[in-house]
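For reference, the chains in residue letters:
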Amino acid sequence: MTARTPRTRLLAAGAVLASVSLALTACSSSKDESTGAPNAGATVNEVKADDKLAALVPADIKSAGKLTVGSDASYAPNEFKADNGKIEGMDVDLITAVAARLGLKVDVQDSGFTAIIPGIQSNKFQIGMSSLTDNKEREQTVDMVTYFNAGSAIAVKKGNPDKIDPADLCGKKVAVQTGTTQAQEITDTRNPACAQAGKPGIVNDGDKFDLQTDVTNAVVSGRDQLMMADSPVVDYAIKQSGGQLEKVGATYDAAPYGIALAKGSALTPAVQSAVQSLIDDGTYKQILSKWGVEAGAIDKSTVNGAVS
């Protein structure tokens, strides 16, 4: 969502990609076709309820027995739809484990990324789990429980035929997901810098798409010259592209992802405590290992820990 900062969620390849043969869901020696996880055979602890933590859950939620979760399922490996239509990914496994620790089930519902926080505010969702970067702006409207560190990254066609310099994207055609940190970066930082340098800005403030899958497709098909997204999403897209994409430059602007809840929600302490318990007992790192994103692991979960 870095955020989202959004997120690349990859679905089965559509007709738009048939001509360029991008196997977005193709299997490899390290990927299990049934789950899309790079290390699907990784052992993950069985998560049992903790009575002390379950006691922190508000009575109405405990009575319902489940958490309703909003997630934009187009951002692999964090959240995406498998071939059978089931939403899965690192975020889904984590929020399912959090719920289990609290003695609850989860109902993960696909949502447009920009509709997740409004959905929390209108009580459609109790939780937003969708690669949402914890920043000061979001903390004004929702609580954020940190659980992962991600930065922004850039991918181009293999071989970098347009000689993209990550430090200078002025005048380039950039694909980005609507509502993400990267989209905001173009508007607030990159284009003003281009103007100050007397250079043309990023074309149309970036070619924006509702789905991260369409962002990836735009670069593979040649519609755009590069894509900007969260680092785990870019890394996964490159692995799934069959050699058609590569990363340019280093990951930058690392920031925490946060689980979003209603501002001042009584559920927030329970969720934060559950995340921390999964970190402490090793389940958390097992889930990250399953999805190949161990580099983003944190040691301590906080509430509203944004630094910018």
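Structure shown above.
Everything in this summary refers to the structure shown in the same document. Because the structure is predicted, anything quoted here is derived from the model rather than measured. (Residues numbered from 1 in each chain as written. Predicted model: local features only at pLDDT ≥ 70, side-chain atom pairs only at ≥ 80, totals over all residues. Heavy atoms only, no water.)

Focus: the environment of proline 38
And then number 1: Note on placement: proline 38 falls in the loop between helix 1 (15–18) and helix 2 (51–54).
And then number 2: Each C-alpha atom of the pair proline 38 and serine 289 lies 8.6 Å from the other, and the pair is 251 residues apart in sequence. (Helix = DSSP H or I, 4+ residues; strand = E, 2+ residues; numbered from the N terminus.)

What about the nonpolar core?
And then number 1: Core analysis: the largest hydrophobic core is formed by 60 residues, its most contacted members being Ile127, Ile259 and Val271.
And then number 2: In terms of residues, this core owes the most to one element, helix 4 (residues 90–101), which gives 7 residues.
And then number 3: Ile154, Leu169, Ala183 and Met228 belong to the second-largest nonpolar core, a separate cluster that totals 12 residues. (Core = buried A, V, L, I, M, F, W, Y, C linked by side-chain atoms within 4.5 Å. Buried < 20%, exposed > 50% of the residue type's maximum accessible area, 1.4 Å probe, protein only.)

A closer look at helix 8 (residues 212–220)
Structural remark: α-helix, 3.6 residues per turn; residues separated by three or four positions point the same way.
And then number 1: Of all the 9 residues making up helix 8, 8 are buried; the element is thus mostly covered by neighbouring parts of the structure.
And then number 2: Of the positions making up helix 8, those classed as buried are Gln212, Thr213, Val215, Thr216, Asn217, Ala218, Val219 and Val220.
And then number 3: Within two residues after helix 8, glycine 222 carries a phi angle of roughly 90 degrees, on the positive side.

Regarding the pairing of strand 7 (residues 142–157)
And then number 1: Judged by how many residues are buried, strand 7 sits mostly within the fold: 14 of 16 residues are covered.
And then number 2: Bridge count between strand 7 and strand 11 (residues 245–262): 13 bridges; the pairing is antiparallel. In the sheet register, methionine 144 faces strand 11, and the bridge partner there is alanine 260. (Pairing = 2+ DSSP bridges.)

Overview of unusual backbone geometry
And then number 1: For the bond running from alanine 76 to proline 77, omega is 5 degrees, close enough to zero to count as cis.
And then number 2: Note on placement: proline 77 falls in the loop between strand 2 (74–75) and strand 3 (79–81).
And then number 3: Phi angles above zero are rare outside glycine, and asparagine 123 is one such case at about 70 degrees.
And then number 4: Relative to the elements of secondary structure, asparagine 123 occurs in the loop between helix 5 (116–121) and strand 6 (127–128).
And then number 5: The phi torsion at asparagine 160 lies on the positive side, around 50 degrees, for a residue other than glycine.
And then number 6: Turning to its location among the elements, asparagine 160 is positioned in the loop between strand 7 and strand 8 (174–177).
And then number 7: The exposure class assigned to asparagine 160 is buried, which follows from its relative accessible area of 13%.

Structural notes on the sheet that holds strand 3
And then number 1: Read across the open sheet, the 3 strands follow the order 2-3-4; overall the sheet is antiparallel. Single-partner strands in this sheet number two, and they are strand 2 and strand 4 (87–88).
And then number 2: Where strand 2 and strand 3 come together, 2 bridges link them in antiparallel fashion. Among the inter-strand pairings, tyrosine 75 is bridged to a residue of strand 3, identified as glutamate 79.

Describing the side chain of serine 74
And then number 1: Among the structural elements, serine 74 can be located in strand 2.
And then number 2: Take serine 74: its relative accessible area is 0%, and that puts it in the buried class.
And then number 3: Here glutamine 212 takes part through its backbone nitrogen, which lies 3.2 Å from a polar atom of the side chain of serine 74. (Polar contact = N/O pair within 3.5 Å; in protein donor to acceptor, adjacent residues only side chain to side chain.)

Thoughts on the state of the cysteines
And then number 1: Counted under the stated rule, the structure contains 1 disulfide.
And then number 2: Residue cysteine 170 pairs covalently with cysteine 194 via a disulfide, S to S 2.0 Å. Between cysteine 170 and cysteine 194 the sulfur-sulfur dihedral comes to about -95 degrees; the bridge is accordingly left-handed. One end of the pair, cysteine 170, is in the loop between strand 7 and strand 8; the other, cysteine 194, is in helix 7 (residues 181–196), with 24 residues separating them in the sequence.
And then number 3: The class of cysteine 170 is buried, set by a relative accessible area of 17%.
And then number 4: Overall, the relative accessible area of 3% leaves cysteine 194 in the buried class. (Disulfide = S-S within 2.5 Å.)

Thoughts on the packing of aromatic side chains
And then number 1: Within this structure, the stated rule accounts for 4 aromatic pairs.
And then number 2: Ring centres of phenylalanine 148 and tyrosine 257 lie 5.4 Å apart, and the angle between their planes is 25 degrees; this geometry places the pair in the stacked category. Of this pair, phenylalanine 148 sits in strand 7 while tyrosine 257 sits in strand 11, placing them 109 residues apart in sequence. Just as phenylalanine 148 is buried, tyrosine 257 falls in that class too.
And then number 3: Aromatic rings pair up to connect Phe80, Tyr236 and Trp291 into one cluster. (Phe/Tyr/Trp six-rings, centres within 6.5 Å; stacked < 30°, edge-to-face > 60°.)

Things to note about the pattern of salt bridges
Two side chains with opposite charge may pair up if their charged atoms get near one another.
And then number 1: On inspection of all chains with the given rule, the structure shows 9 salt bridges.
And then number 2: Put simply, arginine 223 and aspartate 207 hold a salt bridge, and the shortest N to O gap is 2.8 Å. Within this pair, whereas arginine 223 is found in the loop between helix 8 and strand 10 (226–230), its partner aspartate 207 is found in strand 9 (residues 207–209), the two being separated by 16 residues in sequence.
And then number 3: You can call aspartate 207 buried: its relative accessible area is 18%. (Salt bridge = Lys/Arg side-chain N within 4 Å of Asp/Glu carboxyl O.)

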